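Spelled out from the first residue to the last, the chains are:
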Amino acid sequence: MAADKREIVVAKDLSKTFSNGTVQQHVLKNLNLSIYKGDFTVIMGNSGSGKSTLLYALSGMDRPSMGTITYYTEKVNQEVAIEKTEISSYNNDKLATFRRDHVGFVFQQNYLNDSMSALDNVMVCGLLKSGNRKVLVEKAKNLLHKVEIDEMDYKKFPTQLSGGQQQRVAVVRGVINSPEVLYADEPTGALNSQNTENVLNILSDLNGEGQSIVMVTHTLAAAERGNRVIYLADGVIADEVDLGPYVGDYKDESNPMLEEAKKRHAKLKNFLQDMGW
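Residues numbered from 1 in each chain as written. Predicted model: local features only at pLDDT ≥ 70, side-chain atom pairs only at ≥ 80, totals over all residues. Heavy atoms only, no water.

### Digging into helix α4 (residues 133–146)
To keep it simple, the criterion reads: For the purposes of this entry, the term helix denotes a DSSP run of H or I that reaches at least four residues, the term strand denotes a run of E that reaches at least two, and both are numbered from the N terminus. Take the number of residues in a helix, subtract one, and multiply by 1.5 Å to get its expected span. Remark: exposure states derive from per-residue accessible area (1.4 Å probe, protein chains only) relative to the maximum for the residue type, with buried under 20%, exposed over 50%, and partly exposed in between. Read the arc as the range of directions from the helix axis to the C-beta atoms. Should any heavy atoms of two residues lie within 4.5 Å, those residues are considered in contact.
Across its 14 residues, α4 extends 20 Å between first and last C-alpha, which sits within 8% of the 20 Å expected from 1.5 Å per residue. Turning to α4, its buried residues are L136, V137, A140, L143 and L144. End-on view of α4: buried residues confined to an arc of 135°, all on one side of the axis. Facing away from the buried side of α4 by more than 90 degrees, the exposed set consists of K134, V135 and H145. For α4, the secondary structure elements touched by its buried residues are α3 (118–127) and α5 (163–175). Where α4 ends, the next residue or the one after it, E148, has phi of about 65°, a positive value.

### Some points on the packing of aromatic side chains
Rules: Any two rings among Phe, Tyr and Trp, with Trp reduced to its six-membered ring, count as a pair given centres within 6.5 Å; such a pair is stacked if its planes are under 30 degrees apart, edge-to-face if over 60, and tilted if neither.
Enumeration over the complete set of coordinates arrives at six aromatic pairs. Seen in terms of ring centroids, Y56 and F105 are 5.2 Å apart; in terms of plane orientation they differ by 65°. Their pairing is edge-to-face. One end of the pair, Y56, is in helix α1 (residues 51–59); the other, F105, is in strand β6 (residues 103–106), and 49 residues separate them in sequence. Note on Y71 and F98: the rings are 4.8 Å apart at their centroids and 70° apart in plane angle, and the pair reads as edge-to-face. In this pair, Y71 sits in strand β4 (residues 66–76) while F98 sits in helix α2 (residues 92–102), placing the two residues 27 residues apart along the sequence. Of the two residues examined, Y71 and F98, each falls in the buried class. In textbook terms, an aromatic cluster arises when at least three aromatic residues are bridged by ring pairs, as seen for Y56, F105, F107, Y111 and Y183.

### Details of the pattern of salt bridges
Rule in force here: Just to be clear on terms, a salt bridge is a Lys or Arg side-chain nitrogen sitting within 4 Å of an Asp or Glu carboxyl oxygen.
Inspection of every chain in the model, using the stated rule, returns nine salt bridges. Linking R225 and E197 is a salt bridge whose minimum nitrogen-to-oxygen distance equals 3.2 Å. Of the two residues, R225 sits in the loop between α7 (220–223) and β9 (228–233) while E197 sits in helix α6 (residues 193–208), which places them 28 residues apart along the sequence. The class for R225 is buried, based on a relative accessible area of 4%. The salt bridge involving K262 is made with E259; its shortest N-O contact spans 4.0 Å. With a gap of three residues between them, K262 and E259 both fall in helix α8 (residues 258–274), about one helical turn apart.

### What about the side chain of N255?
Let me state the cut-off plainly: The definition of a polar contact used here is a pair of N or O atoms within 3.5 Å, where within protein one atom must be able to donate a hydrogen and the other to accept one, and adjacent residues in sequence count solely through side-chain atom pairs.
In this structure, N255 sits in the loop between β10 (236–242) and α8. Exposure remark for N255: the relative accessible area of 10% places this residue in the buried category. In terms of polar contacts, N255 uses its side chain to reach the backbone carbonyl oxygen of V247, at 3.1 Å. In this structure the side chain of N255 is engaged in a polar contact, spanning 3.2 Å, whose partner is the backbone oxygen of D249. For N255, the contacting residues outside a window of four places in its chain are V247, G248, D249 and A261.

### Quick look at unusual backbone geometry
At D13, a position not held by glycine, the phi torsion is positive, near 50°. Take D13: it is sitting in strand β1 (residues 7–20). One non-glycine residue, N30, lies in positive phi territory at about 50°. One can find N30 in strand β2 (residues 23–36).

### Side note on empty space enclosed by the protein
Selection rule: Here a cavity is any set of points on a 1 Å grid over the protein atoms alone where a 1.4 Å probe fits but cannot get out, and a pocket is any open set with protein on both sides within 12 Å along at least 5 of 7 lines; a residue lines the site when it has an atom within 4 Å of a point. Grid points are joined across faces, edges and corners, and a volume is the space filled by probe spheres set on the points. For this classification, the nonpolar set comprises Ala, Val, Leu, Ile, Met, Phe, Trp, Tyr, Cys and Pro, the charged set comprises Asp, Glu, Lys and Arg, and every other residue, Gly included, is treated as polar.
One pass over the structure, following the stated rule, counts one cavity of 30 Å³ or more. What the largest cavity holds in volume is close to 50 Å³. Along its surface, the largest cavity is lined by A57, G60, D62, R63, P64, I69, I87, S88 and L95. Each residue belonging to the lining of the largest cavity can be placed in one class, and the counts come to five nonpolar, two polar and two charged.

### Points about the nonpolar core
Heads up, the rule is: To qualify as a nonpolar core, a set must consist of buried Ala, Val, Leu, Ile, Met, Phe, Trp, Tyr and Cys residues joined through side-chain atoms within 4.5 Å.
If you look at the biggest cluster of nonpolar residues, it comprises 44 residues, and the most contacted ones within it are L144, V169, L203, M215, V229 and L268. Those residues in contact with L268 that sit more than four places away from it in its chain are L220, A223, E224, V229, V241 and L243. I87, Y90, F98 and Y183 belong to the second largest nonpolar core, which has 28 residues in total.

### Points about the environment of E138
Following the sequence through the fold, E138 ends up in helix α4. Considered as a pair, E138 and M123 are 15 residues apart in the sequence and their alpha carbons are 10 Å apart.

### Looking at the pairing of β10
Rule in force here: Any two strands with at least two DSSP bridges between them are considered paired.
Inspection of the sheet shows β9 paired to β10 by six bridges, in the antiparallel sense. Bridging from a neighbouring strand, L232 pairs with I237 of β10. Counted along the chain from β9 to the antiparallel partner β10, the turn is two residues long, and its residue D234 has a positive phi close to 55°.

Shown next as structure tokens:
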């Protein structure tokens, strides 16, 4: 990666083993990886390669069997400093607090609370970190507006919203606490093509504003949103490719960066073909 990139998450010698009776499945195998501030990192690989397992380990949603995961977060007091936090040894309570303060997560299934309104689904996560309800309401409404959730829909329950609306609310829930990293596990996997495009556009916009994102996907269209694509095979990193920033749809003839978009598309497609995808 470029010399001016700053590491924000570092996984070292990461291993994850699942046991089923006497059979052990080694899903991650001494994996080493750095995530950089401001990147849109995409993780790809065949089924069973360890993509989601890696995402859950990096985010603190699950624990590795071996290895360490270290975060380098900005701590603002009188001046900005970098705080080093190794989360692998945290107990459950401490890990939950760390996730609340530093990590956002978007699942394939949105897991919204059906007994709460769209706004309250966002607010309940924000209130875990901030006690200033007035400020938080304003922030939540601004974010919902940004992802094109109409004000008339704020009070609707998830079952009254479309699948695309629900996932957009879930994205807002993931960023309400201004996380250092937003993790997304196949966030468009349950959506139709139009809603997929809408959610990907939101993620691209967030990244353009500086949000660091790590996303697992199995589709070429979603992978093109990343500037860095990592390919997993049998629990290790087989290779990666640097695409540079997303410059729009390679099929959109009105795209002023159309030729560059076509080159990015070809580069990613060739890379994935080399990986046997």
